[in-house]
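Chain by chain, the residues run as shown.
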2 protein chains.
Amino acid sequence: MTDIQVLKGHIIYTKEKDAFEVHENSYIVIKEGTVRGIHDTLPEVYRYVPVMDYGNALIIPSFIDLHIHAPQYMQMGVGLNLGLIDWLNQYTFKNEAKFEDVAYAKKVYPRFVDALYQNGTLRSCIFATIHKESTRELVKALENKRLSAYVGKVNMNQNAPDELLETTEESIRETMGFIEAIGDSEYVKPIITPRFAPSCTSDLMHQLGQLSHDRSIPIQTHLAETKREIDWVMSLFPDSKNYSHVYKDHQLYGDQKSLMAHTIYLSEDELEMAKNDNIFLVHCPNSNLNLTSGIMPVTTCIDKGLQVGMGSDVGAGHKIGMHHTITSAIQCSKMRHVLNPEERILKESEAFYLATKMNGRFFGKVGSFEEGYLFDALIVKDPDDLIEELTPLERLQRFLYCGGPDSIIGRYLEGCSI
Amino acid sequence: MTDIQVLKGHIIYTKEKDAFEVHENSYIVIKEGTVRGIHDTLPEVYRYVPVMDYGNALIIPSFIDLHIHAPQYMQMGVGLNLGLIDWLNQYTFKNEAKFEDVAYAKKVYPRFVDALYQNGTLRSCIFATIHKESTRELVKALENKRLSAYVGKVNMNQNAPDELLETTEESIRETMGFIEAIGDSEYVKPIITPRFAPSCTSDLMHQLGQLSHDRSIPIQTHLAETKREIDWVMSLFPDSKNYSHVYKDHQLYGDQKSLMAHTIYLSEDELEMAKNDNIFLVHCPNSNLNLTSGIMPVTTCIDKGLQVGMGSDVGAGHKIGMHHTITSAIQCSKMRHVLNPEERILKESEAFYLATKMNGRFFGKVGSFEEGYLFDALIVKDPDDLIEELTPLERLQRFLYCGGPDSIIGRYLEGCSI
């Protein structure tokens, strides 16, 4: 029984997207960091195991963020009055260029990682910058905080400011160096990160695709965020059938686990490809609103059987907490429904499912409390001024819409309290 | 010089909607609670006046909320998975019915008022419930906290649950009693508050309109939030030309200052009426998204010369801070622009202007730092983890998008620190 833990509280998770599983005043049994079961009465066999009784608090799966830019943490909320290109040039590229100085990374990245931790995002897929040494500082910060992540040293060798351009050879060499440096990290894995098609020559993308294939390393990039971007990509890669094919033709799509962020404007063919190749379409509603990109047709994609995940996309997204991304996704879906009543509205349980179990698929068996899943969890308390008799599910709604770091009183990763 | 105050900091406000006025490291001189002037060097005449030097902090006009439901404070974020009617029946009406018990009002209203204060909303226009004595508790809580507000005892005598129905005679008698009870309050004024047309018989509305006219008391109500609502209203009041006319025909529109919340679906005729009668159209973007109502065409209305204000509409809106309403309005405007590129996007300065100077018009000369305006202000500090060299305007952007109560280190109402 020494490797058994028992927690008690109001346990809520989503096994399926259409409903919450709610276990009030129940016990969750964890063995070697993995969920063994949930019980309303603790089985006799565990009678000598001390119970971590959280009382009235909620026990929910911790959040996972499938798309976030660590170097943009310091620019959240700033410059969103500009269009995309001006925002990139006046803020984003300038910010990322600062990470050539490792000392700067040592200042910013621990703050960024702490913000992930405070907001209950215990696993994430992160874009860093082109700078290998600074990106290693991000890895260190994550390891120090004991958070799980895929981290990508970004690749860019065209269509970018000089200070953010690499040569093809540099880009590949530094990426391989970064992969070596991560080694067998307990918390962080590498992910191949071509910024997006316009940033990378065909040659670079071929080499990255080969690297991904040879080392079985996943991919993350951007896809179909705006119509202008699509037109630009097709002019740069006229031999590819569509934007998704640009990546597929370079072995950067579906050969390994692949995250495609935004995916607002995919054609029917591309949706079919994404389904066949088990691509993760990462919905970033907050960012899409802030940069006036559009709203991804999320429920349509879900109903076609596509894997739809979610991301905060900090810094175009101005909120790092995934509870904000969840409520933003619901609001965006409602807006699509007003304009097109045939499109159904994303349910609360679905939005929660995307940010937990669906996002968790990228990492393995995480994001749910079914037997065999790793116990990643948040313990959530009520606001101090709450006087209503709310049900546990209503409390969860209150947390998603109105909560924040102050609501989170416990964090578990693979059964360890962190 | 005893009635003179001088504050120093980075002073930002909007005199016009199209740009921020930014005075870095400047002095603002206040005499008897009113702005006398802003100077980059303090004039000699004030040399013996001690300066409240706020250093690097921002000094901005405090926020004003033109539409908020105090009794719904405890239900924020809860039940938003339901449509409007179910949300009303399962949550809102049940919550409001609890205020028949004055003891309940004594628990909730101070918490609500404290939340206004914490979030920097120092003036607001508030819907209470039908219950006069509980509404008086709201007035007391505002007076204790020294916040400025118009408070309305709500009127409803049809199409509502029994526990929230008044007779016409009760409704008028209690409203008059409430007005008497407010008396010459230093902080709170009454406002006539028919919930909306479906809630009130023609007879009740006539009497309320007469009361408003006789006592020169402003009006607040809801207008054109959803298309179904409009259809319902026209079936109830077939003799009126349109929904706005229902109010106008009962002297509840334009005779005194009038707040109409939502105004998403106004016809061209109604927009013309609103302009001619100086109506305040109160945009509640967050609520409109949460209840799947639609998005008000804000920039179109502004460009037609209409008075557009803003409201949090707690509890359909899940955020009480007006900085959230500001960013939500910008996001909603961007969404309209994506779908209809001819509609321009609401600028940041405009959104800020709506929540300060435009909203302030309802109260008098507040919401700006021009000479002669009352000094209502917030002192805003940077987040603790900020390491960027941000300009004062960028700091303001960061506060609007990412800030909250923790950012606000000072609050002034009419020159008094509160």
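If you're wondering where the values come from, they're calculated on a predicted model, not measured in any experiment.

1. Structural notes on helix 1 (residues 84-97) of chain B
Next up, step 1: Of all the bends found along helix 1 of chain B, the most pronounced is centred on B:Gln90 and spans about 30 degrees.
Next up, step 2: Looking at helix 1 of chain B, one finds that the buried residues are B:Trp87, B:Leu88, B:Tyr91, B:Thr92, B:Phe93, B:Asn95, B:Glu96 and B:Ala97.
Next up, step 3: Among the structural elements, helix 13 (392-402) of chain A together with strand 5 (63-69) and helix 2 (102-118) of chain B are those in contact with the buried residues of helix 1 of chain B.

2. Observations regarding the UniProt feature "domain: Amidohydrolase-related" (unreviewed entry) in chain A
Next up, step 1: UniProt tags residues 59-385 of chain A as "domain: Amidohydrolase-related" (unreviewed entry).
Next up, step 2: A distance of 20 Å separates the end C-alpha atoms of residues 59-385 of chain A, which is 44% helix and 16% strand.

3. Concerning the interface of chain B and chain A
One widely used convention gives an interface's size as the accessible area the parts lose upon coming together.
Next up, step 1: In this assembly, 45 residues from chain B lie in contact with 45 residues from chain A.
Next up, step 2: Summing both sides of the interface, chain B and chain A together bury roughly 3,900 Å²; the carbon and sulfur share of this comes to 54%.
Next up, step 3: Run the count over chain B and chain A and you get zero salt bridges.
Next up, step 4: Where chain B meets chain A, there are 20 residue pairs in polar contact (both at pLDDT 80 or more).
Next up, step 5: Broken down by element, the residue count for the side of chain B that touches chain A peaks at seven residues, all from helix 11 (residues 322-339) of chain B.

4. Quick word on the packing of aromatic side chains
Two descriptors summarise a pair of aromatic rings, namely the distance from one centre to the other and the angle between the planes of the rings.
Next up, step 1: Inspection of every chain in the model, using the stated rule, returns 30 aromatic pairs over all chains.
Next up, step 2: Their ring planes at 5 degrees and their centres at 6.4 Å tell us that B:Phe63 and B:Phe399 sit as a pair that is stacked. Here B:Phe399 lies in helix 13 (residues 392-402) and B:Phe63 lies in strand 5, a separation of 336 residues in the sequence. Summarising the burial analysis for this pair, B:Phe63 and B:Phe399 share the class buried.
Next up, step 3: Their ring planes at 75 degrees and their centres at 6.2 Å tell us that B:Phe196 and B:Trp232 sit as a pair that is edge-to-face. On the criterion of sequence distance, the pair formed by B:Phe196 in the loop between strand 10 (193-194) and helix 5 (202-215) and B:Trp232 in helix 6 (residues 227-236) is long-range, its members being 36 residues apart.
Next up, step 4: By way of ring pairs, the aromatic residues A:Tyr13, A:Phe369, A:Phe375 and A:Tyr412 are connected into one cluster.

5. Observations regarding a negative patch on the surface
Next up, step 1: Together, A:Glu100, A:Asp101, A:Asp162 and A:Glu163 line one region of the surface with negative charge.
Next up, step 2: Residue position: A:Glu163 is located in the loop between strand 8 (154-155) and helix 4 (168-182).

6. Here we look at the relation of the copies chain B and chain A
Next up, step 1: Mapping chain B onto chain A is achieved by rotating through 180 degrees and translating by 0.0 Å along the same axis, at an RMSD of 0.0 Å. The superposition of one copy onto the other is thereby described by a two-fold rotation axis.
Next up, step 2: A high fraction, 100%, of the interface residues of chain B reappear at the interface in chain A, so the copies pair face to face through one surface.

About the criteria used
- Residues numbered from 1 in each chain as written.
- Chains lettered and ligands numbered in written order.
- Predicted model: local features only at pLDDT ≥ 70, side-chain atom pairs only at ≥ 80, totals over all residues.
- Heavy atoms only, no water.
- Bend = angle between axes of the 7 residues up to and from the residue.
- Helix = DSSP H or I, 4+ residues; strand = E, 2+ residues; numbered from the N terminus.
- Buried < 20%, exposed > 50% of the residue type's maximum accessible area, 1.4 Å probe, protein only.
- Contact = heavy atoms within 4.5 Å.
- UniProt positions renumbered as here; feature names shortened; annotations may be inferred.
- Buried area = accessible area lost by both parts, 1.4 Å probe.
- Salt bridge = Lys/Arg side-chain N within 4 Å of Asp/Glu carboxyl O.
- Polar contact = N/O pair within 3.5 Å; in protein donor to acceptor, adjacent residues only side chain to side chain.
- Phe/Tyr/Trp six-rings, centres within 6.5 Å; stacked < 30°, edge-to-face > 60°.
- Patch = residues over 30% accessible without salt bridge, like charges linked within 9 Å, V, L, I, M, F, W, Y side chains within 5 Å.
- Areas by Shrake-Rupley, 256 points an atom, 1.4 Å probe, with all protein chains shown as cover.
- Lys, Arg positive; Asp, Glu negative; His and termini not counted.
- Charge placed at Lys NZ, Arg CZ, Asp CG, Glu CD.
- Least-squares fit on C-alpha atoms with pLDDT ≥ 70 in both.

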